[in-house]
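# Tertiary structure, described
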Amino acid sequence: MRRLVLFDIDGTLLSADGAGKRAVNDALVEVFGTTGPIERYSFAGRTDPQIARELLTAAGLAAGEIDPRLPALWDSYIANLRWEMERTEVTPLPGIPELLRRVEEAAGETVLGLLTGNIEEGARIKVDAAGLGWERFRVGAFGSDHADRPELPAVALRRARDLTGMDFAGKEVVILGDTPFDIQCGAHLGVRTIAVATGRHPVEELAAHDPDHLFSDFSDVEAVWAAIAN
Ligand SMILES: [Mg+2]
């Protein structure tokens, strides 16, 4: 059995109680002087660069005003996120520590990784704040790799090949996430999708996007493992 198992972070592995959004809010104010319509904007399933560009475009900025200052935005965001993490309880979602161990126990041709809209350094800060162990995720595709989530599965496949020499394809690639964007992002590659309603989207809404498997949470670790492996 060959599997590339790619977890989303926010709402899937962990809950950071809004710390990420607060850190983005403060960074936008510091660097651009505006947050755009952040109060009514959903971050769920979107990449960090997508979030920044959409909010700032809505605030009336042109692309030429936004993109040159994104590196400064990420510096500010990372500093703010570290500050937030010292004051926020970041908790793994139900079943996650056990599920990650279950995937690792499979060893052999099973590779554990991340597929997330977070920029890489933000992902690292959140995963470590939840005590989940950054180093165990052997492959990653991040918002810092591409602003469009549907581009990220191919990034993960390329890195998995570079790491292992193996080509993962179709249902050997498993994407676990909490939003319709997670379910849709690998559709063009025919990947296996496992949706979980531990983020902001209820089971009924996720079901409408037709994931291969759907769970209210990941507390039944053997059932989730069966969905990955069978
Ligand atoms: Mg998520």
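The rules behind the values
- Residues numbered from 1 in each chain as written.
- Predicted model: local features only at pLDDT ≥ 70, side-chain atom pairs only at ≥ 80, totals over all residues.
- Pairing = 2+ DSSP bridges.
- Helix = DSSP H or I, 4+ residues; strand = E, 2+ residues; numbered from the N terminus.
- Axes fitted to C-alpha atoms, helices over the stretch in contact; angles between N-to-C directions.
- Contact = placed C-beta atoms within 7 Å.
- Domains from an automatic or database assignment.
- Nonpolar A, V, L, I, M, F, W, Y, C, P; charged D, E, K, R; others polar.
- Parallel < 35°, antiparallel > 145°, perpendicular 65-115°, else oblique.
- Left-handed = near helix turned anticlockwise from the far one by under 90°.

Taken together, the six strands give an open sheet; going across it, the order is β5-β4-β1-β6-β7-β8, and neighbouring strands pair in parallel fashion. Each of the sheet's edge strands pairs with one partner strand only, and the pair in question is β5 (139-141) and β8 (213-215). The average angle at which neighbouring strand axes cross in this sheet is 20 degrees, direction not considered. Sitting on the sheet, helix α5 (residues 96-106) touches β1 (2-7) and β4 (109-115), and the angle it makes with β4 is about 145 degrees. Across the sheet, helix α7 (residues 152-164) lies against β1, β4, β5 and β6 (173-177), angled at about 155 degrees from β5, the strand it touches most.

What follows covers the environment of G33. Relative to the assigned elements, G33 resides in the loop between α1 (19-32) and α2 (48-58). Along the primary structure G33 and L206 are separated by 173 residues, whereas in three dimensions their C-alpha atoms are 36 Å apart.

This paragraph deals with the domain arrangement of the protein. Assigned domains within the protein: domain 1 (2-16 + 90-229) and domain 2 (19-85). When each unit is reduced to the centre of its C-alpha atoms, the spacing between domain 1 and domain 2 is 24 Å. Counting residues at the interface gives 21 residues for domain 1, matched by 16 residues for domain 2. Those elements that place two or more of their residues in the side of domain 1 that touches domain 2 are α6 (120-129) and α8 (180-184). When residues of the side of domain 1 that touches domain 2 are assigned to their parent elements, the largest contribution, four residues, is made by α6. For the side of domain 1 that touches domain 2, the class distribution of residues is eight nonpolar, eight polar and five charged.

Below, the discussion takes up the packing of α5 against helix α10 (residues 221-229). Running from N to C, α5 and α10 point in directions that differ by 40 degrees, and their axes come no closer than 10 Å. Taken together, α5 and α10 sit at an angle that is classed as oblique. For the crossing formed where α5 meets α10, the hand is right-handed. Touching E98, L99 and R102 of α5 are V221, V224 and W225, all from α10. The residue makeup of the contact of α5 with α10, split by class, is four nonpolar, no polar and two charged.

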